[in-house]
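Examining the three-dimensional arrangement
Here's the letter readout for the chains.
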Amino acid sequence: MKLYNSSTNQYVELTEPKISIYNCGPTVYNYVHIGNVRPLVIFDVLYRFLLSQRKEVVYIQNITDVDDKIIKAAAEAGISEKELTSKYTQAYLDIFKLLNVKQLVMPNVSEHIQDIQNYITNLINKGAAYVVDGDVYFDVGKVPNYGHVSHQNPQQLLDGVRKENKGNKKNPLDFALWKKTDVGVNWTSPWSNGRPGWHTECCVLINKYAGDHVTIHGGGVDLKFPHHENENAQNVATFGRDIADIWMHVGHINVEGAKMSKSLNNFILVKDLVNAENANGLRWFFYKAKYEQPVNFSRELLEQATKEINSLIHSVVVAKTYNIANDTFFKEPAPVSNEFADALNDDLNIPNAITVLMKEISMLNNLVREKKFADSNKLCCVIAKELEILGIRNDNIDHVGSVGLIKGWKLASDEKRFDEADKLRDELIKKGLL
């Protein structure tokens, strides 16, 4: 498999049998919006595909439950930070389940404060961080390649910021590892009562659950700078190497042609948009564009995507119905088609994989029309595996009730009990099985 490394602008062959993935997760101070879940869905496909290729995969996504935004939101709501984060973490997990995202390692930042303090202490001991009145800052001057992940020139960055060193920082680009504060939730540390800075938590969780780096680090393109740049700088100072072999950045979502932003008040919360009936549709919508490209969202496009995937699934269900009726239905583990695998091996090109799948659906419909039921069943098994990799729910129809109804319809047809067969057929159509 080759993946595009957005840091080097080069393709990288993914050949090692053991893969580690880190995808930046949500800050749980509010409900997630559709921009938050696009990377979640994209990396779920990557994870599923790598597992299907018999790779050993460790996949980690953080839950940020320590943050200034959380403290502010909790104060405005008149509840504790814990109450707030518990509420929105559960809401996120509900979306996670609704979108059929495969289980992964999901550590909470608040449960790793001591690990974070140990990490910061190590940076101080290495001379890569310094303490100022209880705050701890990372010294970007200690990292010779600072800026290379996000293609930023440090001097140009300096020219674009105020010259005053707020908080007595050595360099305006230096960033906080530990913030001294007694406002909101805080912890005792060797430097002050306070809480960790945002950029350190991901480094610590990668270090704890994957080692000194990950194979693939992902997230939205908006995280490239400063978050991912600052993560990488800390890892270089700690371990002498980049934090990731490959950086994958997922493109923005635009709403009605405009980038989602608080100033435009055009955030679309997933909870207000997605339900059990259109969850497949949202995934299918995300698959219409290559992961790094921006996509334009509208409710009309979601409805269109939902109709399209429902039609595709209906074709599979109808094929299964005929296979059950003609005793050619059987389940067997099936690999994806070579063409489908080739598309995903080519930098996770999901749109091309979708094109392959649509061709297979057309072939399936033809096989059913030609009554080549054994062949259609084999193709159904391949398609089922491909839908599984895409995270599309495709409920089985081979339970007792459906099988009995289908067999009854076939027997009535064979015995030319046409009135009964027509009634059973109408019932199958009503259930969506024909």
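Each chain carries its own residue numbering, running from 1 in the direction its sequence is written. This being a predicted model, a pLDDT of at least 70 is required before a residue's local features are given, and a value of 80 or more before pairs of side-chain atoms are given or counted; all residues contribute to the totals for chains, interfaces and linings. Hydrogen atoms and water are omitted, and side-chain values are computed over all heavy atoms in the structure.

Within the protein chain, the regular secondary structure consists of 14 helices and 13 strands. Here the C-alpha coordinates of the protein chain stretch approximately 90 × 50 × 40 Å along the principal axes. Out of the 434 residues in the protein chain, the part that is buried amounts to 53%. Any pair of residues with heavy atoms lying within 4.5 Å of one another is described as a contacting pair. The long-range fraction of contacts in the protein chain, counting pairs at least 24 apart against all pairs at least 6 apart in sequence, stands at 75%. Of the roughly 20000 Å² of accessible surface on the protein chain, a fraction of 49% belongs to carbon and sulfur atoms. Considering the protein chain, the positive charge centre built from 50 side chains and the negative charge centre built from 54 side chains are found 1 Å apart. For the purposes of this entry, the term helix denotes a DSSP run of H or I that reaches at least four residues, the term strand denotes a run of E that reaches at least two, and both are numbered from the N terminus. Partly exposed describes any residue whose relative accessible area lies between the buried limit of under 20% and the exposed limit of over 50%, with all areas from a 1.4 Å probe on protein chains only and scaled to the type maximum. Surface exposure here means Shrake-Rupley accessible area, sampled with a 1.4 Å probe, where a residue is shielded only by the protein chains that are shown. Only four residue types enter the tally: Lys and Arg on the positive side, Asp and Glu on the negative side, with His and both chain ends excluded. Every charge is mapped onto a representative atom, which is NZ of Lys, CZ of Arg, CG of Asp or CD of Glu.

The strand order 5-6-7-8 describes an open sheet built from four strands, whose pairing is antiparallel. With partners counted over all chains shown, the strands left at the sheet margins are strand 5 (129–132) and strand 8 (194–196), one partner each. Going from strand to strand, the sheet's axes swing by 20° on average, the running direction of each strand aside. One requirement defines pairing of two strands: DSSP has to find at least two bridges between them. Where strand 6 (residues 135–138) and strand 7 (residues 175–180) come together, three bridges link them in antiparallel fashion. Within strand 7, the residue paired with Tyr 137 across the bridge is Ala 176. Between the N-to-C directions of two axes lies an angle of 0 to 180 degrees, each axis being a line fitted to C-alpha atoms and, for a helix, fitted only over the stretch in contact.

For helix 11 (residues 350–369), with 20 residues, the first-to-last C-alpha span of 29 Å sits near the 28 Å given by 1.5 Å per residue. What helix 11 keeps buried is the set Ile 350, Pro 351, Ala 353, Ile 354, Val 356, Leu 357, Glu 360, Ile 361, Leu 364, Leu 367 and Val 368. In this structure, the buried side of helix 11 is in contact with helix 1 (34–52), helix 8 (279–286), helix 9 (299–325), helix 10 (338–345) and helix 12 (373–389). The definition of a polar contact used here is a pair of N or O atoms within 3.5 Å, where within protein one atom must be able to donate a hydrogen and the other to accept one, and adjacent residues in sequence count solely through side-chain atom pairs. The opening residue of helix 11 is Asn 349, an N-cap whose side-chain oxygen sits 3.1 Å from the backbone nitrogen of Asn 352. Backbone geometry just after helix 11 places Lys 371 at a positive phi near 60°. Expected span of a helix, by definition, is 1.5 Å for each gap between consecutive residues, and there is one gap fewer than residues.

So, about the packing of helix 8 against helix 9. Two quantities define a packed helix pair, namely the angle between the helix axes and the distance between the axes. The interhelical angle for the contact between helix 8 and helix 9, taken along N-to-C directions, is 105°, at an axis separation of 8 Å. On the basis of the axis angle, helix 8 is roughly perpendicular to helix 9. Here helix 8 contributes Asn 280, Gly 281, Leu 282, Trp 284 and Phe 285 to the contact with helix 9, which in turn contributes Leu 301, Leu 302, Ala 305, Thr 306, Glu 308, Ile 309, Leu 312 and Ile 313. Among the residues forming the contact of helix 8 with helix 9, the class breakdown is nine nonpolar, three polar and one charged. Note on angle classes: values under 35 degrees are labelled roughly parallel, values over 145 roughly antiparallel, values of 65 to 115 roughly perpendicular, and the remainder oblique. Throughout this entry, Asp, Glu, Lys and Arg are counted as charged residues, while Ala, Val, Leu, Ile, Met, Phe, Trp, Tyr, Cys and Pro are counted as nonpolar. The remaining residues, Gly among them, count as polar.

For the rest of this paragraph, the subject is the side chain of Lys 55. Secondary-structure assignment places Lys 55 in the loop between helix 1 and strand 4 (56–61). Here a salt bridge means any side-chain nitrogen of Lys or Arg lying within 4 Å of a carboxyl oxygen belonging to Asp or Glu. Buried Lys 55, no salt bridge; nearest opposite-charge side chain is Glu 16, N-O distance 6.5 Å. Only 3.4 Å separates the side chain of Lys 55 from the backbone oxygen of Thr 15, close enough to count as a polar contact. Residues contacting Lys 55, with those up to four places away along its chain left out, are Leu 14, Thr 15, Glu 16, Pro 17, Ile 19 and Leu 50.

Within the open sheet, the four strands sit side by side as 4-3-9-10. Their pairing is parallel. With partners counted over all chains shown, the strands left at the sheet margins are strand 4 and strand 10 (244–250), one partner each. Between one strand axis and the next, the sheet turns by 20° as a mean value, whatever way the strands run. Direction of pairing for strand 3 (residues 18–23) relative to strand 4: parallel, over a ladder of six bridges. Residue pairing in the sheet places Ser 20 in a bridge with Val 58 of strand 4. The strands touched by helix 6 (residues 198–209) within the sheet are strand 3, strand 4 and strand 9 (214–220), with strand 3 carrying the most contacts at an inclination of about 155°.

Another point: helix 7 (residues 224–239). In terms of burial, helix 7 is a largely internal element, 13 of the 16 residues being buried. Directly beyond the C-terminal end of helix 7, a positive phi value near 75° is found at Gly 240.

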